[in-house]
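# Working through the structure, step by step
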Amino acid sequence: MKQLILRLLKVPPEPIDPMGDHDQLLVFRAAENYFKYKLVLWAIGQVFTVIGMLVGLGFAAAFTTQAPGWLIPILVLLEIAWLVFIIVQGVFSFFVLRLDYEMRWYKVTDRALRIREGIWQVREMTMTFANIQNISTTQGPLQRALGIADLQVQTAGGGGAAQAQEGQNQPGFFNMHTGYFRGVDNAEQIRDVMRQRLREYRDSGLGDTDESPEPVAAIPAAAPASSPDMLAALRALREEMGAFRASAQALAKE
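Here goes a summary of the coordinates provided.

Conventions and cut-offs
Residues numbered from 1 in each chain as written. Predicted model: local features only at pLDDT ≥ 70, side-chain atom pairs only at ≥ 80, totals over all residues. Heavy atoms only, no water. Phe/Tyr/Trp six-rings, centres within 6.5 Å; stacked < 30°, edge-to-face > 60°. Helix = DSSP H or I, 4+ residues; strand = E, 2+ residues; numbered from the N terminus. Buried < 20%, exposed > 50% of the residue type's maximum accessible area, 1.4 Å probe, protein only. Lys NZ or Arg CZ within 6 Å of the ring centre and 35° of its normal. Expected span 1.5 Å × (residues − 1). Contact = heavy atoms within 4.5 Å. Pairing = 2+ DSSP bridges. Axes fitted to C-alpha atoms, helices over the stretch in contact; angles between N-to-C directions. Patch = residues over 30% accessible without salt bridge, like charges linked within 9 Å, V, L, I, M, F, W, Y side chains within 5 Å. Areas by Shrake-Rupley, 256 points an atom, 1.4 Å probe, with all protein chains shown as cover. Salt bridge = Lys/Arg side-chain N within 4 Å of Asp/Glu carboxyl O. Core = buried A, V, L, I, M, F, W, Y, C linked by side-chain atoms within 4.5 Å.

Here a ring pair, both rings aromatic, is described through the centre-centre distance and the interplanar angle of the planes. A full pass over the atoms with the stated rule returns ten aromatic pairs. Aromatic pair Trp82 and Phe85: ring centres 5.7 Å apart, planes at 25 degrees, arrangement stacked. Of this pair, Trp82 and Phe85 both sit in helix 3 (residues 72–102), three residues apart, roughly one helical turn. You can call Phe85 partly exposed: its relative accessible area is 48%. Over the ring of Trp105 we find Arg29; its NZ or CZ atom is 3.7 Å from the centre of that ring. A cation over a ring is seen here: Arg98 above Phe35, with NZ or CZ 4.6 Å from the ring centre.

Next up, the structure:
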């Protein structure tokens, strides 16, 4: 089933390692309790789905008793098809939920990190320590009870922690300036390691992998005009202004 869903959804393999020293590569995965956390949310959704199905079947049964004889078999078939659909989608969504948990990758080197998540919509982002501005953790009540948290990494232009916190749980929310190590059970340890590497990166003065541009030669400043030349130019300008004023007055008299 796992291989079938991966082929059906065309999920790519493990992401490549980010730039940096691969001897210092650390790979983190979501904790087992993160799957339990998602499973609780999935179960709540399934309960509401089943309740809706039962209500719909109740209305359909009431309508079937009053329907003409030729319509009853069609309604029964529709009810059975609806019941089969609910069961199939429940099983399929459970496997997708499990794969969404298993196919999460959080990779960190001494220079950058890479995050891969998602099954329906695969999202992958890379952040360099040169652009990281803030590393923090977020934890809701249910996450706290399960001993897991989300590690939040922000780069320049992320719009602030409040905006990221507001949108992180919204459907389809994706901010290229904010990355999450979701559902880890050692968020504080990961945060401390990343902060240490961030300090080492900045202290070492490492730059980007691109070569530095050649220095641009300084343009020599123009030589200042001598005082006699400046005075002569001002006198000529005054004479021209006087001639222009006289011509304007002559035209006005005509």
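Let's shift gears to helix 6 (residues 187–204). Its 18 residues place the ends of helix 6 26 Å apart at the C-alpha level, agreeing with the 26 Å of an ideal helix rising 1.5 Å per residue. Where helix 6 is buried, its residues contact strand 1 (26–28), strand 2 (105–108), strand 3 (112–117), strand 5 (132–138), strand 6 (149–155) and strand 7 (178–184).

This part covers the sheet that holds strand 4 (residues 123–128). What links the strands of a sheet is backbone hydrogen bonding, and the strands pair in either a parallel or an antiparallel sense. Read from one edge to the other, the open sheet built from four strands follows the order 1-2-3-4, with strand pairing classed as antiparallel. Single-partner strands in this sheet number two, and they are strand 1 and strand 4. Put simply, the sheet's adjacent strands are angled 15 degrees from each other on average, direction ignored. The sheet contact formed by strand 2 and strand 3 spans four bridges and is antiparallel. Counted as the bridge partner of Lys107 is Arg114 from strand 3.

Here we come to a nonpolar patch on the surface. On the surface, Val40, Leu41, Ile44, Val47, Phe48, Ile51, Val55, Phe59 and Leu142 cluster together into a nonpolar patch covering about 850 Å² of accessible area. Among the elements that line the nonpolar patch, the one with the most residues is helix 2 (residues 32–66), at eight residues. Mapped onto the elements of the fold, Phe59 is located in helix 2.

Read across the open sheet, the three strands follow the order 5-6-7; overall the sheet is antiparallel. Edge positions in the sheet fall to strand 5 and strand 7, since each has one partner strand and no second. Recorded for the sheet is a direction-independent mean angle of 15 degrees between the axes of neighbouring strands. In this structure, strand 6 lies alongside strand 7, joined through five bridges in antiparallel fashion. In the strand pairing of strand 7, Val153 is matched with Gly179. The strands touched by helix 6 within the sheet are strand 5, strand 6 and strand 7, with strand 5 carrying the most contacts at an inclination of about 170 degrees.

Formed by 28 residues in total, the largest nonpolar core has its most connected members in Leu113, Val153, Phe181 and Met194. Top element by residues in this core is helix 6. It accounts for five residues. Setting aside its immediate chain neighbours within four residues, Leu113 contacts Pro18, Lys107, Val108, Met125, Thr126, Met127, Ile132, Val153, Phe181 and Met194. Listed in part, the eight residues of the second largest apolar core include Leu9, Val11, Leu99 and Ile119.

So, about the environment of Gly118. In this structure, Gly118 sits in the loop between strand 3 and strand 4. Distance from Gly118 to Val11, taken between C-alpha atoms, is 8.8 Å for residues 107 residues apart in sequence.

Interpretation note: all reported values are geometric properties and have no functional meaning in isolation.
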